[in-house]
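The primary structure of each chain is shown beneath.
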Amino acid sequence: MDYIDIFIKNDYIDLKQIAESGQCFRWKKMCPGRYFVISDGRAACFFQEKTGIRILCREKDEEYFRRYLDLDMDYGKVIEKIDEKDDFLTGAAQMGRGIRILRQNLWEMIISFIISQRNNIPRIMKSIDALCEKLGEQIVFDYEGEHLVGYTFPAPEVIVGADLSEFKFGYREKYIRQTAEDILEGKFDLEEVKDAVDEGKTPEQVKEMLKQLKGVGEKVASCIQLFGLHQLELFPIDTWIAKVEKMYYNGHFPVEKYKDTAGIMQQYLFFRVREDADKRVVLEMKREVNEKAASKTSFKEEMTEKIDKQTKRKNEISPENNSLEESRFKKDKLEKIELKESKLKKDRLKKGKSEEIRSEANRYNLSGKMLYVSDLDGTLLNSDALLNEDVPERLNHLIDKGLCFTVATARTYATVNSIVKNVHLTYPMILMNGVMLYDPISKSCINAEIIERDSVEYILKGRKKFGVTGFAYALSPEISKETLESEIASNFEKNLKSDVTSNLKKNSNTGEDKRIQKSGRKMATYYEKIATEHMEKFYVERRDVYHKPFSKVEKLEDILGEDIIYFSICYEEEVLRPFYEYLQKDERLNLNFYKDVYGDGLWYLEISHKNASKYYGIQKLRKLLHPAAITGMGDNLNDIPLFEACDRSCAVGNAHKAVKERADYILDTNLNAGVVKFLEKEMK
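Only a predicted model underlies this, so the values are computations on that prediction, with no experimental measurement involved.

Quick look at the overall build of the protein now. For the protein, the count of helices and strands is 28 helices and 21 strands. A total of 684 residues make up the protein; the buried ones form 52% of that total. For the protein, contacts bridging at least 24 residues in sequence account for 68% of all contacts bridging at least 6. With an accessible surface of roughly 33,900 Å², the protein has 48% of that area assigned to carbon and sulfur atoms.

Moving on, we come to unusual backbone geometry. Located in the positive-phi region is Ala385, a residue other than glycine, with phi close to 60°. Turning to its location among the elements, Ala385 is positioned in the loop between α16 (376–380) and α17 (391–400). Here Lys443, not a glycine, exhibits a phi torsion of approximately 55°, which is positive. With respect to the secondary-structure elements, Lys443 resides in the loop between β11 (436–439) and β12 (444–448). A relative accessible area of 56% means that Lys443 is categorised as exposed.

So, on to the sheet that holds strand β20 (residues 648–651). Pairing within the open sheet is parallel, and its five strands lie in the order β9-β8-β19-β20-β21. Strand pairing shows two members of the sheet lacking a second neighbour, β9 (404–407) and β21 (665–666), which therefore form its edges. With five bridges connecting them, strand β8 (residues 370–374) and strand β19 (residues 629–634) associate as parallel partners. Note that in β19 the partner of Leu371 across the bridge is Ile630.

On to the pairing of β20, then. Of the two faces of β20, the one carrying Arg648 and Cys650 and the one carrying Ser649 and Ala651 are both buried. As defined by bridge partners, β19 adjoins β20 across four bridges and the pair is classed as parallel. Each bridged residue has a counterpart across the sheet, and for Thr631 the counterpart in β20 is Arg648. Summarising the sheet, β20 and β21 pair through two bridges and their orientation is parallel.

The next thing to look at is the packing of helix α19 (residues 453–465) against helix α24 (residues 573–583). One can describe the packing of α19 onto α24 by two numbers: an axis separation of 10 Å at closest approach and a directional angle of 150°. As the angle between them shows, α19 and α24 are arranged roughly antiparallel. In the crossing of α19 with α24, the sense of the turn from one axis to the other is right-handed. Here Tyr458, Ile459, Lys461, Gly462 and Arg463 of α19 come into contact with α24, specifically with Phe579, Tyr582 and Leu583.

Right, let's talk about the packing of aromatic side chains for a bit. Counting across every chain of the model gives 38 aromatic pairs. With 6.4 Å between their ring centres and 40° between their planes, Phe46 and Tyr68 make a pair best called tilted. Within this pair, whereas Phe46 is found in strand β4 (residues 42–48), its partner Tyr68 is found in helix α2 (residues 62–68), the two being separated by 22 residues in sequence. Judged by relative accessible area, which is 2%, Tyr68 ranks as buried. Measuring from ring centre to ring centre gives 6.4 Å for Phe538 and Phe550, while their planes differ by 75°; the resulting arrangement is edge-to-face. One end of the pair, Phe538, is in helix α23 (residues 533–544); the other, Phe550, is in the loop between α23 and β15 (551–552), with twelve residues separating them in the sequence. Here the aromatic residues Trp27, Tyr35, Phe46, Tyr64, Phe65 and Tyr68 are joined through ring pairs into a cluster of three or more.

A few words on empty space enclosed by the protein. Any empty space left between the atoms is revealed when a probe the size of a water molecule rolls over them. Under the definition given, this model contains six cavities of 30 Å³ or more. Taken as a whole, the largest cavity holds about 70 Å³ of empty space. Forming the walls of the largest cavity are eleven residues, and the residues nearest its centre are Tyr3, Ile4, Asp5, Tyr539 and Phe550. For the lining of the largest cavity, the elements supplying multiple residues, two or more each, are β1 (3–9) and α23. For the lining of the largest cavity, the leading source of residues is β1, giving three residues. Taken together, the residues that form the lining of the largest cavity break down as eight nonpolar, no polar and three charged.

This part covers the sheet that holds β12. Spatially, three strands are ordered β10-β11-β12 in an open sheet, and the strand pairing comes out antiparallel. Edge positions in the sheet fall to β10 (429–431) and β12, since each has one partner strand and no second. Direction aside, the axes of adjacent strands within the sheet are offset by 35° on average. Each of β10, β11 and β12 is contacted by helix α25 (residues 614–625), which is oriented at about 155° to β10, the strand it contacts most.

Counting across every chain of the model gives 37 salt bridges. Residue Lys50 pairs with Asp563 through a salt bridge whose shortest N-O separation is 3.1 Å. With Lys50 in the loop between β4 and β5 (52–58) and Asp563 in strand β16 (residues 563–572), the pair connects residues that are 513 residues apart, well separated along the chain. On the accessibility criterion, Lys50 (46% relative accessible area) is partly exposed. Between Arg394 and Glu680 there is a salt bridge, and its shortest N-O distance comes to 2.9 Å. Note that Arg394 is positioned in helix α17 and Glu680 in helix α28 (residues 674–682), a separation of 286 residues in sequence. Connected through salt bridges with shared partners, the residues Asp40, Arg42, Lys60 and Asp61 form a single ionic network.

Procedures and definitions
- Residues numbered from 1 in each chain as written.
- Predicted model: local features only at pLDDT ≥ 70, side-chain atom pairs only at ≥ 80, totals over all residues.
- Heavy atoms only, no water.
- Helix = DSSP H or I, 4+ residues; strand = E, 2+ residues; numbered from the N terminus.
- Buried < 20%, exposed > 50% of the residue type's maximum accessible area, 1.4 Å probe, protein only.
- Contact = heavy atoms within 4.5 Å.
- Areas by Shrake-Rupley, 256 points an atom, 1.4 Å probe, with all protein chains shown as cover.
- Pairing = 2+ DSSP bridges.
- Axes fitted to C-alpha atoms, helices over the stretch in contact; angles between N-to-C directions.
- Parallel < 35°, antiparallel > 145°, perpendicular 65-115°, else oblique.
- Left-handed = near helix turned anticlockwise from the far one by under 90°.
- Phe/Tyr/Trp six-rings, centres within 6.5 Å; stacked < 30°, edge-to-face > 60°.
- 1 Å grid on protein atoms, 1.4 Å probe; cavity = no way out; pocket = protein on both sides within 12 Å on 5 of 7 lines; lining within 4 Å.
- Points joined across faces, edges and corners; volume = space filled by probe spheres on them.
- Nonpolar A, V, L, I, M, F, W, Y, C, P; charged D, E, K, R; others polar.
- Salt bridge = Lys/Arg side-chain N within 4 Å of Asp/Glu carboxyl O.

Printed below as a string of structure tokens:
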């Protein structure tokens, strides 16, 4: 595996803002804050973090994507130079401060902006996707169990030999084909244009070179220069920018003030005017929802009035009808109206949703049942840190018979998923010694304890003092309320014509927001250097065997602003003990300091929030699952909190002496699958 995961600390980069800026059409959003990007035949995944981004790509492509994101430019200084009297631009820059001008492939930009003429962004993206999928070469990108497939942008020779009619480019088709032919025949030289920029030719001179191409006029040439050649002097004017100039600049934006950064200013203005428009759309949708709701109320009142009149006439014709009959008649009519109004909504909910809810409720309700929770290393796993060959089948047989079973371990979900992938676990797992509850079905973090910032500062100060380093684990940002509302509004707008009210209720009440939130909360593992032989072994094994990505930082202090949940540090006991004693002074921390079960004379120091322990993990499971009782099984000192929280405790035969002393039962050893033997007896 030759992937590399790099953390870039930067306050002026926002992936969502870049993706929606109109300069790139091939960013695939996997979920909020995560994008799969293909550029110049290379693939990468970008992750938004609280104080910067992570880039996951092949090692050979690291420098390409650093340059692609224009990371050498200080956009903070660009914003500082904005005329402070220009309130609209100043506000736009603050709103869109995460936008950067990408350094993209020239050939791809030429064709993309020819396609963009008289077109909207969703249609442009759809057209380019279809073109690449049909004519490009496949790129496969694997990470953390994800299997992503993308396609390169087709070369000129491929375009010339293809039937483009199926892509429905319309009048643009002849421009695309002619451009490809001109390049192949040498009538237009891409390298010559790049050289002209490098040699300092003026933007007007370069523009004239581009305008030789069929279908490339003033506006398209400006976009190609800005986004394909990184000529920041360009200020493309589309319908959005024209509106801004008319409304705020008397028809002309003062480009002369921003000679070297005009293109960046254009992006800030473009972002703000579209953001303002989106807000107006949301307000308009809310108004429409309210009007529709009011209309329904009015309709009911009107029908009630009609029913009253019908009842009155009926009573006049048949005086013998008593008040009870009148009430029944009125009630039946109203019920029919309400039934008709809600039929569509009920049909949607009825199909599949009720079964899903019942299934989830049943899965999370163990009322009257025993829950069995086992440690992994040294307990369920053998000395090779694996399950014995027959253990998955034996466990699955017990689970099929009704065994309620899960694990509590110091490991992360990347390694746990790989180790127990053949075991049909359905109940939440306690990971990282209680730092996290993880659902193996939805593959999402249910709950995590975040270390307080000043405690993180204390830890980082101490690790420098005692000369140690290790791995730091952090959760990516929670989806903000604004982002969540934006996602909902986006979905809402797409389906506005079908049924405004039902879509709003669906997105806000039936779990769509939760789905978005779950998909956005991921974990990253950071390190500054591989300082010891053990760290290298740990890193290589997790990377190559479990395909776990690690994110390299210049120094651990760079991630101080992230949501840190865990530190794992491994050295000889005499090296770590002074640091451990130093950390004991912070009562907000939970510390696990123990000897490595796999030998080598090394000790682990695991640092987390005080509420992050197997003890609190069991308490959370108890509250979530409502079991009749819980039986815990372990072997090492970090399992003592597990025993204290459980109703029954079992130590395997190879367990630490102190663990055995606290156990209710002593089982066979881990090498002899003592846990599984015990469970088989329990299930008889």
